[in-house]
Amino acid sequence: MTVFLVGAGPGDAGLMTARSLELIASADVILYDRLIPDGALDGARDDAELIDVGKVGGGAQVPQEATNGLLLEHGAAGRAVVRLKGGDPFVFGRGGEEAQLLRAAGIDVEVVPGVTAGVAAPAYAGIPVTQRGMAAAVAFVTGHEDPDKDDSQVDWPALAAFPGTLVFYMGVRKLGRIAERLVAGGRPPSEPVAIVERGTFADQRTVSGTLADIAARAAAAGVRAPAITVVGAVAALHEELAWFAAGPLLGLSVAVTRARAQASALAARLVALGAHVVEAPAIRIEPLEAALPADLAAYDLLCVTSPNGARRLLEVARDARDLAGPAIAAIGPGTADALRAGGIEPDVVPPRAVAESLVEALAERPVRRVLIARAERARDVLPDALRARGAEVEILALYRTVAEPLSPAALESALGADYVTFTSASAVRFFLEAAGQPSEGQRVVSIGPITSRALRERGLTVDVEAAEHTPDGLIAALLEDAARG
Ligand code: SAH
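Since we're looking at a predicted model, the values are computed, not measured.

A.B. asks: Which residues make up the site of the ligand, and what values do they have?
C.D. replies: Neighbouring residues of the ligand: 18 residues in total, closest Val91, Thr116, Met170, Gly199 and Ala227. Here Pro10 contributes a backbone N or O atom positioned 2.8 Å from a nitrogen atom of the ligand.

Spelled out as structure tokens, the structure:
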């Protein structure tokens, strides 16, 4: 019986530790806070129980007692429990209290430290919290306490006298009083201060000033939690060392309509570029029972026409040896990569991921017997063209694409996004069946000509079409469009 108290880092998913990802992937139950990186739970098992104990906005914050109750209940049940917290679990994260509680109940605890916001947010703003000749010590302080409270746990005169950098967690609203108390304690009003809002997230912002004016500057800039406040000479290094560039998609929202299972990689890349991503999966991939022909080795060509087809093919095969024999053609780079993930190097990959282009790429190749691994319903361009050349063609239907019901809330956010992206004709069909038309002014992005045709057939204008028909190509096209304004 072990409960893992795990730090998820300050916000940039790239700052999650290898150990945290490993534990998330194996957990039965994950109790998570509000302030964890986007996509932090993507690696969780499909059957893992994910419990949000940091609900704010819609619901009230889950009280600590309720979280404690859940920890004890799941911990005692002997399940693999991960308690996932923002930053480091033992830095203003109540991890110590939770560990004591679990121990007292006879439940083992393991702690996985995380990158704490008090170091990471300044670092992403170009501020080293210690620096030779400038700051030989650093103090982490809670700014949550009311500086005027008599029983305050923070010794303000001692803090003001502290010989080094002060890093305040929380306390955006109390900034004015904090600065006053420090000045009253002897810190010069001209002492540099930097406030880092949403540090390490794509929309990180830094506001600089001095103890005398930081409260007014922060208020003018509308700084909100979460933010870290750095007080000390090092705060001025922000001007010299700032390196974090705002993502080119900052301020734009992008709706992703592709199947949930595939959306996360696309979404993560959009988030890294600064976009706000609205996940509105309109489709789901449903595997079909299928078996490879026993005499596959007698075929001279096996065509795989989508990444989903490639993944299903690798599932249906026992291992790569089952696919030995025929030459293998992938419809495009994405499908080729999905095959490579199973150790299969395709023999033919046309530059453009459409059936017409695969037909062209196969023009020189003598083909007699062909197996096409694909979705149940698909365009017949490829089988028709191969049959016209005299080949005997069989279809191996490996999956079907079905509608995924969208909640009214997801639909509303999707229709409120600046961009709505489509990565397949079936996503177009099912999204529009659920949503009706995109909103006025919303830009419609398509991954390629087949998807664009599906959009136009439904009377829509395609504003952006990817030149390379892959998620990366789609992002490149979207970036170009956004840069044009
Ligand atoms: N255990 C966390 C801190 C939890 S207390 C850690 O080690 O980082 C919550 C406070 O942390 C917030 O009010 C804010 O002051 C700070 N914080 C957390 N994430 C932050 C971020 N990405 N940028 C700036 N401050 C952050």
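Back to the text.
A.B. asks: Lay out the sheet that holds strand S1 (residues 2-7) with the relevant residues and their values.
C.D. replies: Taking strand neighbours across the sheet as the criterion, the 5 strands line up as S3-S2-S4-S1-S5 in an open arrangement whose pairing is parallel. Edge positions in the open sheet fall to strand S3 (49-52) and strand S5 (108-112), since each of these has one partner strand only. Each strand axis lies, on average, 20 degrees off the axis of its neighbour in the sheet, ignoring direction. Direction of pairing for strand S2 (residues 29-32) relative to S3: parallel, over a ladder of 4 bridges. Its bridge partner being in S3, Leu31 is matched across the sheet by Ile51. Contacting S1, strand S4 (81-85) and S5, helix H3 (residues 95-104) runs over the sheet at an angle of about 175 degrees to S1.

A.B. asks: If you had to explain the pairing of strand S19 (residues 443-446) to someone new, which residues and values would you point to?
C.D. replies: As paired elements, strand S18 (residues 419-422) and S19 share 4 bridges and run parallel to each other. Residue pairing in the sheet places Phe422 in a bridge with Ser446 of S19. Following the chain from S18 across helix H15 (residues 425-435) to the adjacent parallel S19, one finds a crossover that is right-handed. With 2 bridges connecting them, S19 and strand S20 (residues 464-465) associate as parallel partners. Bridged to Ser446 within S20 is Glu465. Crossover handedness for the path S19 to helix H16 (residues 449-457) to S20: right-handed.

A.B. asks: Explain the domain arrangement of the chain to me, using residue names and the numbers behind them.
C.D. replies: With domains assigned, the chain is organised as domain 1 (2-114), domain 2 (119-241), domain 3 (253-282 + 404-484) and domain 4 (293-401). Distance between the C-alpha centres of domain 1 and domain 2: 28 Å. In this complex, domain 1 contributes 7 residues to the contact, which on the side of domain 2 involves 11 residues. Surface buried jointly by domain 1 and domain 2 totals about 750 Å² across both partners, of which 74% is contributed by carbon and sulfur atoms. For domain 1, the biggest contributors to the area lost against domain 2 are Pro10, Leu35 and Phe92; these three give 56% of the whole. Applying the counting rule to domain 1 against domain 2 returns 0 salt bridges. Our count for the contact surface shared by domain 1 and domain 2 stands at 3 residue pairs in polar contact (both at pLDDT 80 or more). Its residues assigned to classes, the side of domain 1 that touches domain 2 shows 5 nonpolar, 1 polar and 1 charged.

A.B. asks: An account of the sheet that holds strand S10 (residues 227-231) is needed here, citing residue identities and associated values.
C.D. replies: A sheet is described by the order of its strands in space; here 5 strands give the open sequence S6-S7-S10-S8-S9, paired in mixed fashion. For this open sheet the edge positions go to strand S6 (138-142) and strand S9 (205-210), each flanked by a neighbour on one side alone. Here the average twist between neighbouring strands, direction ignored, is 20 degrees. Contacting S6, strand S7 (165-169), strand S8 (192-197) and S10, helix H4 (residues 117-124) crosses the sheet at an angle of about 80 degrees to S10. Docked against the sheet, helix H6 (residues 175-184) engages S7, S8 and S10, running at close to 155 degrees with respect to S7.

Basis of the calculations
Residues numbered from 1 in each chain as written. Predicted model: local features only at pLDDT ≥ 70, side-chain atom pairs only at ≥ 80, totals over all residues. Heavy atoms only, no water. Near = heavy atom within 4 Å. Polar contact = N/O pair within 3.5 Å; in protein donor to acceptor, adjacent residues only side chain to side chain. Pairing = 2+ DSSP bridges. Helix = DSSP H or I, 4+ residues; strand = E, 2+ residues; numbered from the N terminus. Axes fitted to C-alpha atoms, helices over the stretch in contact; angles between N-to-C directions. Contact = heavy atoms within 4.5 Å. Right-handed = clockwise from strand over helix to strand, strands pointing away. Domains from an automatic or database assignment. Buried area = accessible area lost by both parts, 1.4 Å probe. Salt bridge = Lys/Arg side-chain N within 4 Å of Asp/Glu carboxyl O. Nonpolar A, V, L, I, M, F, W, Y, C, P; charged D, E, K, R; others polar.

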